[in-house]
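# Architecture and fold: a report
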Amino acid sequence: MDKLRITGGRPLEGEIRISGAKNAALPILCAALLTAKPLTLTNVPALRDVSTMAKLLGEMGLSVKRSPERTVLHAPSIEDPTASYDLVKTMRASVLVLGPLLARCGRAKVSLPGGCAIGARPVDQHVTGLEAMGATIAIEHGYMHATAERLRGARIVMDLVTVTGTENLMMAAALAEGETLIENAAREPEVVDLARCLTAMGAKIQGAGSPVIRITGVRTLGGAEHRVVPDRIETGTYLAAAAATGGKVRLTGAVPDALDATLDKLREAGATVATTGDSIELQMSGRPTAVSLRTAPYPGFATDMQAQFMALATVAHGTAVITETIFENRFMHALEMQRLGADIRLEGNTAIVNGVARLQGARVMATDLRASAGLVIAGLVAEGETVVDRVYQLDRGYEALENKLSALGARVERVRSGLL
Ligand code: EPU
């Protein structure tokens, strides 16, 4: 497996462009299942998760044509509405095909995702929401077998805020008969971007971005062209990296408004942050100040930024208390950061991080994407060489990571498997 070798100690400086959002692109690719007409997307990031989704859709009979500029998806018919265990186990977002398949084909067979490195992550809210819309879903041999004549609108009150759950139900409701109300809906910008794309396809959706989404179903959806929103987590990751290393960066092609909670915390840590249009500039002089945080659904502080801020806290002045409320097992990076000399104590879903003056390079590895990003930041700060194992985790969600880091002056290189 490829590794990333980082020689730390150099502030990040320079300018890079932010890519399209992974977590917006994935549901939007699935939206192509809802129409017999072509869906043309731009700003789709070149990521492993996007390739996995393209492969999954391809297995169902969709044609997926990708070039650097655009991705065109076309499903005149769907040959096999099945998502196999082999693909679903590698990417949980595969469950996003369930709602659209059921709405378009009246049946779907989707593997249950199984365990996950960051927590239990059940899909019960997806299932009960679709059942409220008239679907019958049976679990057999590890698969959800879903059927429905035609889904009908329903009032669905979600037990908890779920991003892909909201997206699955929104896509299903777009083709259902009558009106669906999704209450306690996720408000993430990626949900809003999906709603924008569905609306361009002819769906009738109101309230995306608020806790109540109202969808009036239509008989068919058409083709559309849609540009995927910039990735707010990629943006936040580079900002946290610049802050941790005492650097100065300018990120273009971003959406500053989607990053309020992150920018507030960076300012609290002592960074100077300025936003203009689609760009964000950050400058940090000296060591950051410790900032405590608690993850929450949007517009709260994103769980997908927690590991990166833990890396920042490891070298800050003072003590940061970091509480993870979304996933129960999302502190795997803390133990790896300890290997770099960080002072972190875990108490249930809380990490108490006492900042130290310096970290020291070491070999580390992570079990999920954002944890790996946190380790990369720690490696950029640490003295000497850090080797981050399992780079494929980073390739799932960070487009051209080494190139972008190198453009900011970091000393980073990919070591092909077997060469270290
Ligand atoms: N949950 C349930 N039942 C459900 C659905 C969710 O109990 O039916 C629980 C989960 O176990 C979790 C909480 O609800 O404790 C929130 O999970 P959510 O469903 O919102 O997560 P997700 O939709 O599976 C998306 C992102 C994640 C991100 C979370 C939270 C995509 C493709 N993935 O996952 O992104 O962490 O929302 O913001 O949009 C990542 O990019 O690294 C990543 C993990």
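Provided above is the structure to which this section pertains.
Bear in mind that the values here come from a model prediction, so they are computed numbers and not experimental data.

Turning our eyes to something else, we now look at the packing of aromatic side chains. Enumeration over the complete set of coordinates arrives at 1 aromatic pair. Summarising the aromatic geometry, the rings of F301 and F309 are spaced 5.0 Å apart at their centres and angled 80° between planes, so their arrangement reads as edge-to-face. You'll find F301 and F309 in the same group, each marked buried. Here the basic side chain of K109 rests over the ring of Y143, its NZ or CZ set 4.8 Å away from the ring centre.

Moving on: the nonpolar core. Membership of the largest hydrophobic core comes to 77 residues, with the highest contact counts inside it found for V97, M170 and L198. In terms of residues, this core owes the most to one element, helix α1 (residues 22-31), which gives 7 residues. Setting aside residues up to four positions removed in sequence, L198 forms contacts with A31, L34, M170, M171, A203, I205 and L221. Judged by nonpolar contacts, the second largest core, of 72 residues, contains A242, M310, L312 and V376.

Another aspect to go through is the pattern of salt bridges. Per the counting criterion, the structure on display carries 21 salt bridges. With its nearest N and O atoms 3.2 Å apart, the salt bridge here joins R250 to E15. With R250 in strand β15 (residues 248-252) and E15 in strand β2 (residues 13-17), this pair connects stretches of sequence that are 235 residues apart. With its nearest N and O atoms 2.8 Å apart, the salt bridge here joins R232 to E190. Here R232 is found in helix α8 (residues 232-244), whereas its partner E190 is found in helix α7 (residues 189-200), with 42 residues between them in sequence. On the basis of relative accessibility, which here comes to 11%, the residue R232 falls in the buried class. Taken together, the salt bridges that share partners define one network made up of D2, D395, E402, R414 and R416.

Pairing is mixed across the open sheet formed by 4 strands, whose spatial order is β4-β5-β3-β14. Two strands bound the open sheet, and with one partner strand each, they are β4 (63-66) and β14 (224-227). On average, each strand axis in the sheet is tilted by 15° relative to the strand beside it, whichever way the strands run. For strand β3 (residues 39-42) and strand β5 (residues 70-74), the ladder comprises 4 bridges, and the chain directions are antiparallel. Across the sheet, L39 pairs through a bridge with L73, a residue of β5. On the sheet, α1 packs against β3, β5 and β14 and is oriented at approximately 165° with respect to β3. α7 contacts β3 and β14 of the sheet and is inclined by roughly 160° relative to β14.

Another aspect to go through is the packing of α1 against α7. Where α1 meets α7, the closest approach of the two axes is 9 Å, and the angle between their N-to-C directions is 30°. Here α1 lies roughly parallel to α7, going by the angle between them. Taken as a pair, α1 and α7 cross one another with a handedness that is right-handed. Across from N23, A24, P27, I28 and A31 in α1, the residues of α7 making contact are E190, D193, L194, C197 and L198. Taken together, the residues of the contact of α1 with α7 break down into 7 nonpolar, 1 polar and 2 charged.

Further remarks concern the side chain of Q125. Tracing the chain through its elements places Q125 in helix α5 (residues 124-132). Separated by 3.0 Å, the side chains of Q125 and D124 make a polar contact. Not counting residues within four places of it along the chain, the set of residues in contact with Q125 comprises M158, D159, L160, T162 and L169.

Another aspect to go through is the sheet that holds strand β7 (residues 107-111). Hydrogen bonds between backbone groups are what pair the strands of a sheet, and the pairing can be parallel or antiparallel. Strand order in the open sheet formed by 4 strands is β6-β7-β9-β8, with mixed pairing between adjacent strands. Where the open sheet ends on each side, the last strands, each with one partner, are β6 (82-83) and β8 (136-140).

Scoring rules and cut-offs
- Residues numbered from 1 in each chain as written.
- Predicted model: local features only at pLDDT ≥ 70, side-chain atom pairs only at ≥ 80, totals over all residues.
- Heavy atoms only, no water.
- Phe/Tyr/Trp six-rings, centres within 6.5 Å; stacked < 30°, edge-to-face > 60°.
- Buried < 20%, exposed > 50% of the residue type's maximum accessible area, 1.4 Å probe, protein only.
- Lys NZ or Arg CZ within 6 Å of the ring centre and 35° of its normal.
- Core = buried A, V, L, I, M, F, W, Y, C linked by side-chain atoms within 4.5 Å.
- Helix = DSSP H or I, 4+ residues; strand = E, 2+ residues; numbered from the N terminus.
- Contact = heavy atoms within 4.5 Å.
- Salt bridge = Lys/Arg side-chain N within 4 Å of Asp/Glu carboxyl O.
- Pairing = 2+ DSSP bridges.
- Axes fitted to C-alpha atoms, helices over the stretch in contact; angles between N-to-C directions.
- Parallel < 35°, antiparallel > 145°, perpendicular 65-115°, else oblique.
- Left-handed = near helix turned anticlockwise from the far one by under 90°.
- Nonpolar A, V, L, I, M, F, W, Y, C, P; charged D, E, K, R; others polar.
- Polar contact = N/O pair within 3.5 Å; in protein donor to acceptor, adjacent residues only side chain to side chain.

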